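Each chain, written out:
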Amino acid sequence: MFAALILEDGTVLKGKSFGAQGTSIGEIVFNTSMVGYQEILTDPSYANQIIVMTYPEIGNYGLNPTDFESENPRCLGFVVKNSCENDSHYKSTQNISSYLKKHNIIGIEGVDTRCLTKKIREKGVMNCIITTENIDEHNLPEKLMMLNYHKPNKDVVLEVSTKKIYTINPNGDINLALIDYGCKLGITDSLAQRGCKITVFPANTEADEILNGNFDALFLSNGPGDPADCVFEIKTLNNLVGKLPIFGICLGYQLLSIVLGAKTYKLKYGHRGANHPVVNLENRHVMMTSQNHGYAVDTTSLTKIMEATYKNLNDDTLEGFKSDSLKIEAVQFHPEANPGPTDAAVIFDDWTAKMRLYKQTPVRKAEEMA
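Just so it is clear, the structure is predicted and the values come from calculations on it, not from any experiment.

Definitions and limits used
- Residues numbered from 1 in each chain as written.
- Predicted model: local features only at pLDDT ≥ 70, side-chain atom pairs only at ≥ 80, totals over all residues.
- Heavy atoms only, no water.
- Pairing = 2+ DSSP bridges.
- Helix = DSSP H or I, 4+ residues; strand = E, 2+ residues; numbered from the N terminus.
- Axes fitted to C-alpha atoms, helices over the stretch in contact; angles between N-to-C directions.
- Contact = heavy atoms within 4.5 Å.
- Buried < 20%, exposed > 50% of the residue type's maximum accessible area, 1.4 Å probe, protein only.
- Arc of directions from axis to C-beta.
- Polar contact = N/O pair within 3.5 Å; in protein donor to acceptor, adjacent residues only side chain to side chain.
- Left-handed = near helix turned anticlockwise from the far one by under 90°.
- Nonpolar A, V, L, I, M, F, W, Y, C, P; charged D, E, K, R; others polar.
- pLDDT = per-residue confidence, 0-100.
- Salt bridge = Lys/Arg side-chain N within 4 Å of Asp/Glu carboxyl O.

Caption draft 1: Region of interest: the sheet that holds strand S8 (residues 106-109). As summarised here, the arrangement of the seven strands in space is S1-S2-S8-S6-S4-S3-S9, forming a closed barrel in which the pairing is mixed. The sheet shows a mean angle of 35° between the axes of neighbouring strands, taken without regard to direction. In this sheet, strand S6 (residues 77-79) lies alongside strand S4 (residues 49-53) in parallel orientation, the contact comprising three bridges. Its bridge partner lying in S6, Ile-50 is registered against Gly-77. The sheet strands contacting helix H4 (residues 140-149) are strand S1 (2-7), strand S2 (12-17), strand S3 (23-31) and strand S9 (126-131), and the helix crosses S1 at an angle near 50°.

Caption draft 2: Molecular detail of helix H8 (residues 231-238). Every buried residue of H8 is accounted for by Glu-233, Ile-234, Thr-236 and Leu-237. The arc that holds the buried residues of H8, viewed along the axis, is 160°, so those residues lie on one side. The exposed residues of H8 that point more than 90 degrees off its buried face are Val-231 and Lys-235. Turning to H8, the residues buried within the fold contact helix H5 (156-160), helix H7 (207-211), strand S13 (217-220) and helix H9 (251-259).

Caption draft 3: Seen up close, H9. Buried residues dominate H9, accounting for eight of its nine residues. Every buried residue of H9 is listed here: Leu-251, Gly-252, Tyr-253, Gln-254, Leu-255, Leu-256, Ser-257 and Val-259. Just downstream of H9 lies Gly-261, where phi reads positive at about 105°.

Caption draft 4: Structural view of the environment of Thr-132. Counting through the fold element by element, Thr-132 comes out in the loop between S9 and H4. Classification of Thr-132 by relative accessible area gives buried; the value is 13%. Sequence spacing of Thr-132 and Ser-17 is 115 residues, and the spatial spacing of their C-alpha atoms is 6.7 Å. Look past the residues within four positions of Thr-132 in its chain and what remains in contact with it is Phe-2, Ala-3, Ser-17, Ala-20, Gln-21, Gly-22 and Ile-106. Polar side-chain contacts of Thr-132 include one of 3.4 Å to the side chain of Gln-21. A distance of 2.8 Å separates a polar side-chain atom of Thr-132 from the backbone nitrogen of Gly-22.

Caption draft 5: Fine view of the packing of H8 against H9. Packing of H8 against H9 brings their axes to within 10 Å, and their N-to-C directions diverge by 65°. Of the two elements, H8 crosses H9, and the hand of that crossing is right-handed. Only Leu-255, Leu-256, Ile-258 and Val-259 of H9 make contact with H8, whose side of the interface consists of Glu-233, Ile-234, Leu-237 and Asn-238. Of the residues assigned to the contact of H8 with H9, the class counts are six nonpolar, one polar and one charged.

Caption draft 6: Fine view of the confidence of the model for the chain. Of all residues in the chain, 97% have pLDDT values of 70 or greater, and the mean over the chain is 94. Every residue in residues 366-370 scores below 50 in pLDDT, and together they form 12 contacts with partners more than four places removed in sequence or on other chains.

Caption draft 7: Seen up close, the pattern of salt bridges. Summed over all chains, the structure comprises 12 salt bridges. Across the pair Glu-133 and Lys-143 runs a salt bridge, and its minimum N-O distance is 3.1 Å. Here Glu-133 is found in the loop between S9 and H4, whereas its partner Lys-143 is found in helix H4, with 10 residues between them in sequence. Exposure remark for Lys-143: the relative accessible area of 5% places this residue in the buried category.

Caption draft 8: The arrangement of the pairing of strand S15 (residues 264-280) in detail. Where S15 lies against strand S16 (residues 286-297), 10 bridges are found, and the strand directions are antiparallel. Bridging across to S16, Arg-272 finds its partner in Asn-292. Linking two consecutive strands that pair antiparallel, namely S15 and S16, is a turn of five residues; a positive phi of about 65° is found at Arg-284 within it. Bridge analysis of S15 against strand S17 (residues 307-312) gives three bridges, and the strand direction is antiparallel. By the bridge assignment for S17, Val-278 is matched with Asn-312.

Structure (structure tokens):
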């Protein structure tokens, strides 16, 4: 079955469909991971996006019931060089083609993903159309016009966030509130394993509802989109900072940086993969991290109550900060993901130890946040 990819710059790449039928428009991004396609497909941070896998063979070990990061995939399309139909792993319950069809995600294979990735690196991320419709000189101008007028959904965080409040690990000794901006299951699993009783709140929760819960700390999850679009979420955090310890990952990290007075900006093609080296600026230890983000915090915009804690060794972008006076810590990367090495998981050990310590002492407000 025919499928095609149309880029914003007019490039048309043709291939073979191995997922659902139809047409989707989104931002095209690439991920350099060699394995983990199941976790990537179900990471809510990919909402509004079409994913290109740079590793040529995808689907070899199928999909299993235990490695999902959310109940449903949120990406709009999946692009690979070769899709394996005959998966071979004892835990596999379905192949990748059947999964994409079940969840109405368009997949295209037979594309030169090396060429496509080089184009994204050179030109930057751009909008694209993935379609199973035949493309010719008659309908191509119409498709390009659709791309010109396409605007991403700015409320995408509300789309992927939970709609109800629920509790995980009710017998935990740390009473933790978590705002779900598109939270991966790996994050809640990591916190629960370390003794947290987690109350998960929707992204549009008011600050007073959290403050009235007598929580020991607040956790902010990952999520999709431009952090500057999260106007309501930023307002909520403004009313929470200084009132309880706060920890954040990915979008949570970016939102905290804005609240504390820093600025964010869009990266040319983002960081998406399982092999990004990050250095701890305090002890100089290096860890390999899993990452999935298209925005970064401007290091030069850090305010005086913020201290840089981690740096990306590939491009020197900021990967973490803290504010001791406000009992805030956050990182851009995903310590729960364990992309082979598990050295980043120590961050959860450190954070939960601090949550227990902070239970004994109240948060001390900073006199100013600029």
